[in-house]
Amino acid sequence: MNTFAHIKPIARYNKIAYYSVCINDNKTSLFEDFINHHSELNRKKLNHVLEWIKIIGDKYGAQNHLFRPEAATADASALPPKGKGREPCYTELGKTKANNIRLYCLRANENVVFLFNGDIKTTRYAQDCPNVKEHFTLANRLTKAINLAFVEKDIVWNDDFTLINCSSDLKLFL
């Protein structure tokens, strides 16, 4: 059976339009799965990532330095950005700490970001982590499929490159 994804709009901020994907016939996107999974288990870590999504969307745009490079076979990235002292900071027990949750994504340009899924990273390399390995691999496969869809003009930019346009029945084969 072929695995495929279709694109789902998530949110639009001043500087960014966020999208996600739904796998096969699921109505819930990968990003919504991420939120649902972590809203109870890792609420503080999730809220930190959601703060970054809002700040990037409203204030900065998807600048490269605000995303962690997570490329294996394609140009996947992750949030939160590197640097535990960057505002907004993540704190535990009153101390600034690195947030080890990873939300994998594709920074298509400075105005469009695709949000996928992720989990708590417990090892140095995503490929070695039992929690994030699957999400990391899928993010790279999705990034490759989305980039190919841009090349083949199945996904096109609007006039000012701030939104994408594609058929509502577009299937990205993974």
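Residues numbered from 1 in each chain as written. Predicted model: local features only at pLDDT ≥ 70, side-chain atom pairs only at ≥ 80, totals over all residues. Heavy atoms only, no water.

Trainee: Can you lay out the overall build of the chain for me, pointing to particular residues and giving the numbers?
Mentor: When helices and strands are counted, the chain shows three helices and eleven strands. Taken from the N to the C terminus, the helices and strands of the chain come in the order β-β-α-α-β-β-β-β-β-β-α-β-β-β. Relative to the globule expectation of 16 Å for 174 residues, the C-alpha radius of gyration of the chain, 16 Å, shows essentially globular dimensions. In terms of overall dimensions, the chain has C-alpha extents of about 50 × 35 × 25 Å along its principal axes. Each of the 174 residues in the chain was classed as buried or not, and the buried ones make up 45%. On the chain, the mean spot of the 24 positive side-chain charges and the mean spot of the 19 negative ones are 7 Å from each other. (Helix = DSSP H or I, 4+ residues; strand = E, 2+ residues; numbered from the N terminus. Rg over C-alpha atoms; globule rule 2.2 N^0.38 Å. Buried < 20%, exposed > 50% of the residue type's maximum accessible area, 1.4 Å probe, protein only. Lys, Arg positive; Asp, Glu negative; His and termini not counted. Charge placed at Lys NZ, Arg CZ, Asp CG, Glu CD.)

Trainee: Break down the pairing of strand 2 (residues 17–23) for me, with residues and values.
Mentor: Burial analysis of strand 2 places seven of its seven residues in the buried class, the great majority of the element. Where burial is concerned, the two faces of strand 2 agree: the one with A17, Y19, V21 and I23 and the one with Y18, S20 and C22 are both buried. In this structure, the hairpin formed by strand 1 (residues 4–12) and strand 2 is closed by a connection of four residues. Across three bridges, strand 2 lies against strand 8 (residues 112–120) in parallel orientation. By the bridge assignment for strand 8, Y18 is matched with V113. (Pairing = 2+ DSSP bridges.)

Trainee: Let's hear about the sheet that holds strand 1: which residues, and what values?
Mentor: Taken in spatial order, the seven strands line up as 3-4-7-8-2-1-11 in an open sheet, and their pairing is mixed. Both edges of this open sheet fall to strand 3 (68–69) and strand 11 (172–173), since each of them pairs with a single strand only. With two bridges joining them, strand 1 and strand 11 adopt antiparallel strand pairing. Within strand 11, the residue paired with F4 across the bridge is F173. On top of the sheet, helix 3 (residues 133–151) reaches strand 1, strand 2, strand 7 (101–107), strand 8 and strand 11; it is set at about 165 degrees to strand 8, its chief contact. (Contact = heavy atoms within 4.5 Å. Axes fitted to C-alpha atoms, helices over the stretch in contact; angles between N-to-C directions.)

Trainee: Please give an account of helix 3 that cites residues and values.
Mentor: Between the first and last C-alpha of helix 3 there are 27 Å, a value that for 19 residues agrees with the 27 Å anticipated at 1.5 Å per step. Buried within helix 3 we find H135, F136, A139, N140, L142, T143, A145, I146, A149 and F150. K153 sits one or two positions beyond helix 3 and adopts a positive phi of about 65 degrees. (Expected span 1.5 Å × (residues − 1).)

Trainee: Explain the pairing of strand 1 to me, and be specific about the residues and the numbers.
Mentor: Both faces of the sheet carry side chains from a regular strand, because those side chains alternate between them. Note: strand 1 against strand 2, seven bridges, orientation antiparallel. Bridge pairing in strand 2 links R12 to A17.

Trainee: Got a sec to walk through the nonpolar core? Specific residues and values, please.
Mentor: If you look at the biggest cluster of nonpolar residues, it comprises 28 residues, and the most contacted ones within it are I7, V21, F114, F116 and I146. Of all the secondary-structure elements, those providing two or more residues to this core are strand 1, strand 2, strand 7, strand 8 and helix 3. The leading source of residues in this core is helix 3, at seven residues. Other than its neighbours up to four places away in sequence, I7 contacts Y19, S20, V21, F114, I155, I164, C166, L170 and L172. (Core = buried A, V, L, I, M, F, W, Y, C linked by side-chain atoms within 4.5 Å.)

Trainee: So, the side chain of N140: which residues are in play, and what are the values?
Mentor: Counting through the fold element by element, N140 comes out in helix 3. In terms of polar contacts, N140 uses its side chain to reach the backbone carbonyl oxygen of E70, at 3.2 Å. Within polar-contact distance, the side chain of N140 engages the backbone oxygen of F136 at 3.0 Å. Residues in contact with N140, not counting those within four places in the same chain, are E70, A71, A72, T73, A74 and A76. (Polar contact = N/O pair within 3.5 Å; in protein donor to acceptor, adjacent residues only side chain to side chain.)

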